[in-house]
Amino acid sequence: MGTTRHRGLGDAAVAGMAQAKTTQAQPDGFFTLGRHDNHWWFATPDGEPFFSLGLNHIDPASLRYPENIHIWRDKYGGSTERWIRESVVPNLRKWAFNTVGWVQEVTVLKWRHSRSFTNDEYRALDMPFCHLLPFTESHQWEQHTRHFDFRSSEWQEWVDYVARSHCAELSEDRNLIGYFYSDCPTWVHARPENTWRGPIFDPERLKSEVGRKELARLARAYYRTTHDAIRRYDPHHLILGDRYEANEAIAKEVVEAALPYVDVLSFQDFRDPVAHLDAWHRKTGKPVLLADAAGLRNPAPPGGFVPNDGEWYADVLAALFDNPGCIGFHLCGAYQRNKARRRGLLDELERPDQEHVELIRGANMQVRHRMGERY
């Protein structure tokens, strides 16, 4: 598209800020995408370039163990909305995050995630956020759910139900950046805990042209159906798509099928996100988002905890910011540790991991400073 004037930008920035073509039918007044100085950015509803500094996994159940539920009851009156306003928002701002990347959290290892925030809870948050649509529970560690047939009428019915139950409520929310789909879907890989169901598509079939074409058709059905359902109820918000596991096999047929129907390629990567995101941006030309990652020097000992690595975070964030295709980094926190994930920026008594929090805050502030210098 040609250069489009974005409200709130200075004249120098306006001259170079080109609004991107997206799947949005009506992007005005909502988060969208743009390019300036050959760099992709999110653009805020007011048109400002925006690099997403997000924290994932924000679940009040971490304050409801028998040993700390008194804090939940006495300090927050048993109210999730009050906890969001009085704990989550002040801390995220203090730590210089500008986005809630994804609120759902590990509940019990190898099980489904906790619920997402309600519409009222997002309103209490009152800051940019992303929301995951539960079209399919194909997460690589989840061991209980069978795969859908993406070409069946039952799947189409389910997708429409998810879209109308989630997107219809969120469609006018200016703080919503966009929608994720599955977290680490097992398109052509599986993990030991879910070998019983196998991958969505047998990778052995990719050795033949017939098999590759079949996967392309299946993936097109998946992405077209999900895209069309969202757009029936929400013409405004970005589609951030599946959050691919960058360190497992990713079939090119899947990514190519997604490209017309998503606005961003999103990844989880705990090993080498800087190199992998750069490679995927170069391959596709799409903006890329590190949607879930953390640096963990050592695994948690039995019954113990492990901190987030603030030094790793700072190094990765600085390198991603220099990638012309990268539009954000969402830390696989969590906000408050629980006994399944066993790491968090706060402990169970709301005490911060001060050493690493300060490193994370400093890294976020540096990116915000560099954005300020640019714009």
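So, here's what we can say about the structure.

So, how was this worked out
- Residues numbered from 1 in each chain as written.
- Predicted model: local features only at pLDDT ≥ 70, side-chain atom pairs only at ≥ 80, totals over all residues.
- Heavy atoms only, no water.
- Helix = DSSP H or I, 4+ residues; strand = E, 2+ residues; numbered from the N terminus.
- Rg over C-alpha atoms; globule rule 2.2 N^0.38 Å.
- Buried < 20%, exposed > 50% of the residue type's maximum accessible area, 1.4 Å probe, protein only.
- Salt bridge = Lys/Arg side-chain N within 4 Å of Asp/Glu carboxyl O.
- Pairing = 2+ DSSP bridges.
- Axes fitted to C-alpha atoms, helices over the stretch in contact; angles between N-to-C directions.
- Parallel < 35°, antiparallel > 145°, perpendicular 65-115°, else oblique.
- Contact = heavy atoms within 4.5 Å.
- Nonpolar A, V, L, I, M, F, W, Y, C, P; charged D, E, K, R; others polar.
- Phe/Tyr/Trp six-rings, centres within 6.5 Å; stacked < 30°, edge-to-face > 60°.
- Lys NZ or Arg CZ within 6 Å of the ring centre and 35° of its normal.
- Core = buried A, V, L, I, M, F, W, Y, C linked by side-chain atoms within 4.5 Å.

### As for the overall build of the chain
Per the secondary structure count, the chain includes 10 helices and 12 strands. Taken over C-alpha atoms, the radius of gyration comes to 20 Å for the chain, in line with the 21 Å a tight globule of 375 residues would show. Along the three orthogonal principal directions, the C-alpha set of the chain runs to about 60 × 55 × 35 Å. Looking at the chain as a whole, 59% of its 375 residues are labelled buried.

### Some points on the pattern of salt bridges
This model, assessed by the stated rule, comprises 20 salt bridges. When the shortest N-O distance is used, the salt bridge between Asp292 and Arg243 registers 3.8 Å. Here Asp292 is found in strand E11 (residues 288-293), whereas its partner Arg243 is found in strand E9 (residues 238-245), with 49 residues between them in sequence. Given the relative accessible area of 2%, Asp292 is considered buried. Within the structure, one salt-bridge network assembled from shared partners comprises Arg151, Glu214 and Arg217.

### As for the environment of Ala61
With respect to the element layout, Ala61 can be found in the loop between strand E5 (52-56) and helix H2 (69-76). Ala61 sits 275 residues away from Gln336 along the chain, and the two C-alpha atoms are 9.4 Å apart.

### Thoughts on the sheet that holds strand E2 (residues 32-36)
Overall, antiparallel pairing links the four strands, which are arranged E1-E2-E3-E4 in an open sheet. With one partner strand each, in any of the chains shown, strand E1 (18-19) and strand E4 (49-50) form the two edges of the open sheet. Pairing geometry for E2 and strand E3 (residues 39-43), over five bridges, is antiparallel. Bridge pairing in E3 places His36 opposite His39.

### Some remarks on the packing of H2 against helix H3 (residues 80-94)
In contact at an axis separation of 10 Å, H2 and H3 are set at 85° when each is read in the N-to-C sense. The angle between the axes of H2 and H3 places the two elements in the roughly perpendicular class. Contacts between H2 and H3 involve Trp72, Lys75 and Tyr76 from the first element and Thr80, Arg82, Trp83, Glu86 and Ser87 from the second. Class assignment for the residues of the contact of H2 with H3 results in three nonpolar, two polar and three charged.

### Side note on unusual backbone geometry
In this chain, Gly333 is followed by Ala334 through a cis amide linkage whose omega measures 10°. For Ala334, the location among the structural elements is in the loop between strand E12 (326-331) and helix H10 (354-374). Positive phi, normally seen in glycine, also occurs at Asn38, with a value near 65°. Mapped onto the elements of the fold, Asn38 is located in the loop between E2 and E3. The class of Asn38 is exposed, set by a relative accessible area of 57%.

### Topic: the packing of aromatic side chains
Counted according to the given criterion, the structure contains 25 aromatic pairs. Each ring, one from Phe31 and one from Phe50, has its centre 5.3 Å from the other, and the planes form 65°; the classification is edge-to-face. Taken together, the residues Phe31 in the loop between E1 and E2 and Phe50 in strand E4 connect sequence positions 19 residues apart. Ring geometry for Trp155 against Tyr222: centres 5.7 Å apart, planes inclined by 15°, an arrangement best described as stacked. Separated by 67 residues along the polypeptide, Trp155 in helix H5 (residues 153-170) and Tyr222 in helix H6 (residues 209-233) bring together distant segments of the chain. Using a relative accessible area of 0% as the deciding quantity, one classes Trp155 as buried. Judged by relative accessible area, which is 1%, Tyr222 ranks as buried. Members of the aromatic cluster, each reached through a chain of ring pairs, are Phe135, Phe150, Trp155, Tyr181, Trp187, Tyr222 and Tyr223. The positively charged end of Lys283 is found above the aromatic ring belonging to Trp280, 4.3 Å away from the centroid.

### Points about the pairing of E3
In terms of residue burial, E3 counts as a mostly covered element, since five of its five residues are buried. Burial along E3 is two-sided: His39, Trp41 and Ala43 facing one way and Trp40 and Phe42 facing the other are all buried. Linking two consecutive strands that pair antiparallel, namely E2 and E3, is a turn of two residues; a positive phi of about 50° is found at Asp37 within it. Between E3 and the antiparallel strand that follows it, E4, lie five residues; Gly47 among them carries a positive phi value of about 90°.

### A closer look at the nonpolar core
Counting 84 residues, the largest nonpolar core has Trp83, Leu92, Trp187, Tyr223 and Tyr313 as its most contacted members. Ignoring any residue separated from it by four or fewer positions in sequence, one finds Trp187 in contact with Phe150, Pro199, Ile200, Phe201, Leu215, Leu218, Ala219, Tyr222, Tyr223, Asp242, Tyr244 and Val254. Among the nonpolar cores identified, the runner-up in size contains 17 residues, and Ala20, Phe31, Leu289 and Ala291 belong to it.

### Notes on the pairing of strand E7 (residues 129-132)
Here E7 shows no split at all, with Phe129 and His131 on one side and Cys130 and Leu132 on the other all buried. Relative to strand E8 (residues 176-183), E7 runs parallel, the two being bridged by four bridges. Its bridge partner lying in E8, Phe129 is registered against Leu176.

### Some thoughts on the side chain of Asn308
Inspection of the secondary structure puts Asn308 in the loop between E11 and helix H9 (310-321). Take Asn308: its relative accessible area is 2%, and that puts it in the buried class. The residues touching Asn308, leaving out its near neighbours within four places in the chain, are Ala294, Gly295, Leu331, Cys332, Gly333, Ala334, Arg343, Gly344, Leu345, Asp353 and His356.

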